[in-house]
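What follows is each chain in one-letter form.
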Amino acid sequence: MEKTRSLPPQQSSLAFLQRVSIFSGVGSDSLARIAAITGEKSYSRRSVIFHEGDHGDTLYILKSGRVKISKITEDGREKTLTIMQPGDFFGEMAIFDQLPRSATAEVIDEQAVVFTVAKRDFERIIFEHPQIALKIMRDLTRRIRQVNQQVEDLAFKDVHERVASTLCNLSKIEGRQLTNNRILINLKMTHQDLANMVGSSRETVTRALNRLQDQEIISISHQQITINRPELLAAWG
């Protein structure tokens, strides 16, 4: 369920926006004006912020929690494209090209809080601060490279290799270092969640996970994966 709250105190908004990469280098006065036009919304776990195909007139900046960006096929299968972290922005494509939303955004933590910027305000911000557009272009380029890597993995790697590659990537984004060089992926996932990331069936992904567990490369407990041998996992992927 979505809960709309009144605008946050400007100082709180300003402190957060100063940590957002696309606003780095923006002067404090300008940043204060940007903070004044942002809204704030809170979403509970499994809430959908927007669906693929929706009209898009809002940019979202993730303040807390995590958001999954995915596409749903006509037969109901899901492909996870990326997971947004605090400080990330999303929803910009529909603003730039004025086409419907190209993917679905769903909250995966107990709660997510986002700052919102209306299309007309966002366009004015870009006009006044063209360096923000350059930072957005750089981030979009990074995302395109990630998608290209996913396409390459789907084309040239089998499912076992894609599972290993996906776990390696998650360890870099969501990893928490443990003793003995082990890495905990700080994200609760079902086998189906991982299958959606890999682009395969749950049964096939389960077999790949079992194989990695049998070799003691990973261990799974309470829907969390610990990488025991990062170097061996990397060799797999």
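Attention here is on the structure that accompanies the text. (Residues numbered from 1 in each chain as written. Predicted model: local features only at pLDDT ≥ 70, side-chain atom pairs only at ≥ 80, totals over all residues. Heavy atoms only, no water.)

## Structural notes on the layout of surface pockets
Consideration 1: What the largest pocket holds in volume is close to 680 Å³.
Consideration 2: Forming the walls of the largest pocket are 26 residues, and the residues nearest its centre are Leu81, Gln146, Gln150, Asn169 and Ile173.
Consideration 3: Contributing elements (two or more residues each) for the lining of the largest pocket: strand 6 (78-84), helix 5 (130-156), helix 6 (159-174) and helix 7 (191-198).
Consideration 4: When the residues that make up the lining of the largest pocket are grouped by side-chain class, the tally is 8 nonpolar, 9 polar and 9 charged. (1 Å grid on protein atoms, 1.4 Å probe; cavity = no way out; pocket = protein on both sides within 12 Å on 5 of 7 lines; lining within 4 Å. Points joined across faces, edges and corners; volume = space filled by probe spheres on them. Helix = DSSP H or I, 4+ residues; strand = E, 2+ residues; numbered from the N terminus. Nonpolar A, V, L, I, M, F, W, Y, C, P; charged D, E, K, R; others polar.)

## Digging into the pattern of salt bridges
Consideration 1: Throughout the structure, instances matching the rule amount to 15 salt bridges.
Consideration 2: Two residues, aspartate 109 and arginine 66, come together in a salt bridge whose shortest N-O distance is 3.0 Å. Here arginine 66 lies in the loop between strand 4 (58-64) and strand 5 (67-72) and aspartate 109 lies in the loop between strand 8 (104-107) and strand 9 (111-118), a separation of 43 residues in the sequence.
Consideration 3: By relative accessible area, aspartate 109 is classed as buried at 17%.
Consideration 4: By relative accessible area, which is 13% here, arginine 66 ends up buried. (Salt bridge = Lys/Arg side-chain N within 4 Å of Asp/Glu carboxyl O. Buried < 20%, exposed > 50% of the residue type's maximum accessible area, 1.4 Å probe, protein only.)

## Overview of the packing of helix 6 against helix 8 (residues 202-214)
Consideration 1: Relative orientation of the contacting elements helix 6 and helix 8 amounts to 70°, with a least axis distance of 9 Å. When the interaxial angle is binned, helix 6 and helix 8 end up roughly perpendicular. Where helix 6 crosses over helix 8, the two elements pack in a sense that is right-handed. Facing Val159, His160, Val163 and Leu167 of helix 6, the residues of helix 8 in contact are Thr204, Val205, Arg207, Ala208, Leu209, Arg211 and Leu212.
Consideration 2: Of the residues that constitute the contact of helix 6 with helix 8, the class distribution is 7 nonpolar, 2 polar and 2 charged. (Axes fitted to C-alpha atoms, helices over the stretch in contact; angles between N-to-C directions. Parallel < 35°, antiparallel > 145°, perpendicular 65-115°, else oblique. Left-handed = near helix turned anticlockwise from the far one by under 90°. Contact = heavy atoms within 4.5 Å.)

## Observations regarding the nonpolar core
Consideration 1: Counting 26 residues, the largest nonpolar core has Val163, Leu167, Leu194, Ile218 and Leu233 as the members making the most contacts within it.
Consideration 2: At the level of elements, helix 6, strand 11 (183-185), helix 7, helix 8, strand 13 (224-227) and helix 9 (230-236) are the ones that each hand at least two residues to this core.
Consideration 3: The greatest single-element share of this core, amounting to 6 residues, is contributed by helix 6.
Consideration 4: When near neighbours in sequence (up to four residues on either side) are disregarded, leucine 194 contacts Val163, Thr166, Leu167, Leu170, Met189, Val205, Leu209 and Ile225. (Core = buried A, V, L, I, M, F, W, Y, C linked by side-chain atoms within 4.5 Å.)

## Some words on the sheet that holds strand 10 (residues 175-177)
Consideration 1: If you trace the 4 strands from one edge of the open sheet to the other, you get 10-11-13-12, paired in antiparallel fashion. The outermost strands of the open sheet, each flanked by one partner alone, are strand 10 and strand 12 (218-221). Neighbour-to-neighbour, the strand axes of the sheet open up by a mean angle of 25°, direction not taken into account.
Consideration 2: Pairing of strand 12 with strand 13 involves 4 bridges; the strand directions are antiparallel. Looking at the pairing, serine 221 lines up with glutamine 224 of strand 13. (Pairing = 2+ DSSP bridges.)

## Points about the pairing of strand 8
Consideration 1: With burial as the criterion, each face of strand 8 is covered, one bearing Thr104 and Glu106 and the other bearing Ala105 and Val107.
Consideration 2: Here strand 3 (residues 48-50) runs beside strand 8; their pairing, made up of 2 bridges, is antiparallel. Residue valine 48 lies in a different strand from strand 8, and its bridge partner there is glutamate 106.
Consideration 3: Direction of pairing for strand 5 relative to strand 8: antiparallel, over a ladder of 4 bridges.

## Notes on the sheet that holds strand 6
Consideration 1: Read from one edge of the open sheet, 4 strands run 3-8-5-6, paired in antiparallel fashion. For this open sheet the edge positions go to strand 3 and strand 6, each flanked by a neighbour on one side alone. Across this sheet, the average inter-strand angle for adjacent strands is 30°, counted without regard to direction.

## What about the packing of aromatic side chains?
Consideration 1: Evaluation of the coordinates by the stated rule reveals 5 aromatic pairs.
Consideration 2: Taking the centre distance of 5.1 Å and the plane angle of 80° together, the rings of phenylalanine 16 and phenylalanine 115 count as edge-to-face. Residue phenylalanine 16 is located in helix 1 (residues 10-17), and its partner phenylalanine 115 is located in strand 9; the two are separated by 99 residues in the primary sequence.
Consideration 3: For phenylalanine 16, a relative accessible area of 5% translates into the label buried.
Consideration 4: The class for phenylalanine 115 is buried, based on a relative accessible area of 0%.
Consideration 5: Between phenylalanine 50 and tyrosine 60, the ring centres sit 5.7 Å apart and the planes meet at 40°, which makes this aromatic pair tilted. In this pair, phenylalanine 50 is assigned in strand 3 and tyrosine 60 in strand 4, connecting sequence segments 10 residues apart.
Consideration 6: A relative accessible area of 8% places phenylalanine 50 in the buried class.
Consideration 7: Judged by relative accessible area, which is 7%, tyrosine 60 ranks as buried. (Phe/Tyr/Trp six-rings, centres within 6.5 Å; stacked < 30°, edge-to-face > 60°.)

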